[in-house]
Amino acid sequence: MKSLRASDNRNAIQAVVTCLFKLRTGNSDEVVASILDLKNPRLVSHFCTSVLNSFEVDILAKRFGPTVYTRDYLIKNHTSPVANKLFNIGNRLALICDGTYISHEKSSNNAYQRKSYSGQKKKPLCKPMTICTTDGFVVDLPGPFYGTQNDATIMKLIMEDPNGIRRLLKPGDIFILDRGFRDVKSYLEGLGFVVMMPALKGNQKQLTTVEANESRKVTKCRWVVEAVHGIIGRKCKLLHNQVDNKLLPKIGLYARIACYLHNEYGRRLNSDLGMEDAIFVRMTQDVHDTNQLALEVEEKRWNRRSSLLSKVTSNDIQDFPEMTEDDLKILFTGSYQLSQAVSYLAEIYDDDGNIALSYVKESPDTIKFEVRSRHVNRKMYKCFIKYDSRYAGIRAIAGYCCECANGLRTIGCCSHVASIIYYLSGLEPVIADDSEYED
């Protein structure tokens, strides 16, 4: 940071420490000045302004952004093995895009107040757009944009900038996006790019097996951008807390500095370390046009027939195969469903430690369960699991299906089915928070 000069009030190291301390803690200038034993809070603002200007000139201009990284560098060094196998990326550049939120105080400028108020979040905010590779390396962070602009609108504005991310792209490159970009999908495809996005349910009750399986491939790779937001939010509380309006002109620069620091000193995100091949084999072998158990359920009308369900006890279903944690991760094609299963089990345990789960055996090898939705309290989903007690591990699970939107998938399973298999497999449920799981 050659442009950062020492002054009578401080040296360069003191200024950098003050700025990064504010970014890290999110504390007010008064608190920062008190902790760092500065004469008055105004010095904090002066120090941060000097450091931000030096970052912008000396570091970000030369070490961060689409004008710095080359296409070949990103492809060779920042394409995750999982994404490369699932989408056969090869020499194409795969990028994940997602908007994030930085909330701030209500503005006294009426024009900006109207543009910043998000009807979805019910508060004023601005929206940077994170563009990262499949291993969580942040390529660019355009913005921030207005709170009233959705992801599709922002994406179109970004692609119209010839000096932005567009300069790295070639026809055939891949965008991995969520459903919020659906309005810009045809625009990107018209430019020659491949867009990977979870399927839209529309008016149908459930996604088909093919749609659910393809959606799982997308979410298997897209989670890294959410992880990047979470990591930066935890490490840089200034961006996670409500921002003072006086910082709004600088908040984009603060966010880009946080992304640069994440690239330089954070670790790259690769899920399923040590079991990538086993999970990839499962995700490619279990792609079916139909869910066979779902067809059997429909044919025998198990999902429509009224049955008297019993509460599960420790003496029930003792022939269900035992499974290890690695077996479950391979079966669920990652650890996300495993963490969701833990959350579901935490909800259905009562105060005495007994599980409030109802079931009935529709056949000697097929069980029907009812699991409550985590979104709608009165909604109960019927789940079916077919197993072969002669085997152990993954081989013993012959099929599963659920009434939820993703219940027909055969690549992995929905969280309702995962919670049941987790409980029946014999593993001791440990109620943990989701931050322990990356995928």
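Residues numbered from 1 in each chain as written. Predicted model: local features only at pLDDT ≥ 70, side-chain atom pairs only at ≥ 80, totals over all residues. Heavy atoms only, no water.

> Sorry if this is basic, but what is going on with the packing of aromatic side chains here?
Pairs of aromatic rings are described using the distance from one ring centre to the other and the angle between the two planes. Following the criterion strictly, the structure yields nine aromatic pairs and no others. For the pair Tyr-69 and Tyr-73, a centre-to-centre distance of 6.3 Å together with 20 degrees between the ring planes defines the contact as stacked. On the basis of relative accessible area, Tyr-69 is assigned to the buried category, the value being 9%. Ring geometry for Phe-175 against Phe-193: centres 5.5 Å apart, planes inclined by 85 degrees, an arrangement best described as edge-to-face. Note that Phe-175 is positioned in strand β8 (residues 174-176) and Phe-193 in the loop between α8 (185-190) and β9 (194-196), a separation of 18 residues in sequence. Take Phe-175 and Phe-193: they sit in the same class, and that class is buried. Three or more aromatic residues joined by ring pairs form one cluster here, namely Phe-64, Tyr-69, Tyr-73 and Phe-137. Across the ring face of Tyr-187, the terminal group of Lys-156 is positioned such that the distance to the ring centre comes to 5.2 Å. (Phe/Tyr/Trp six-rings, centres within 6.5 Å; stacked < 30°, edge-to-face > 60°. Buried < 20%, exposed > 50% of the residue type's maximum accessible area, 1.4 Å probe, protein only. Helix = DSSP H or I, 4+ residues; strand = E, 2+ residues; numbered from the N terminus. Lys NZ or Arg CZ within 6 Å of the ring centre and 35° of its normal.)

> Sorry, what's going on with the environment of His-240 here?
Checked against the element boundaries, His-240 lands in helix α10 (residues 237-240). Measuring from C-alpha to C-alpha, the distance between His-240 and Glu-30 comes to 19 Å, with 210 residues separating the pair along the chain.

> Would you mind going over the pattern of salt bridges with me for this structure?
Note on pairing: side chains with opposite charge can pair once their charged atoms come close. Tallied over the full model, the rule gives 17 salt bridges. For the salt bridge of Asp-98 with Arg-222, the shortest nitrogen-to-oxygen distance reads 3.9 Å. Note that Asp-98 is positioned in strand β1 (residues 94-99) and Arg-222 in helix α9 (residues 209-235), a separation of 124 residues in sequence. A relative accessible area of 5% means that Asp-98 is categorised as buried. Each of Asp-98, Asp-178, Arg-222 and Glu-226 takes part in one network of salt bridges that share partners. (Salt bridge = Lys/Arg side-chain N within 4 Å of Asp/Glu carboxyl O.)

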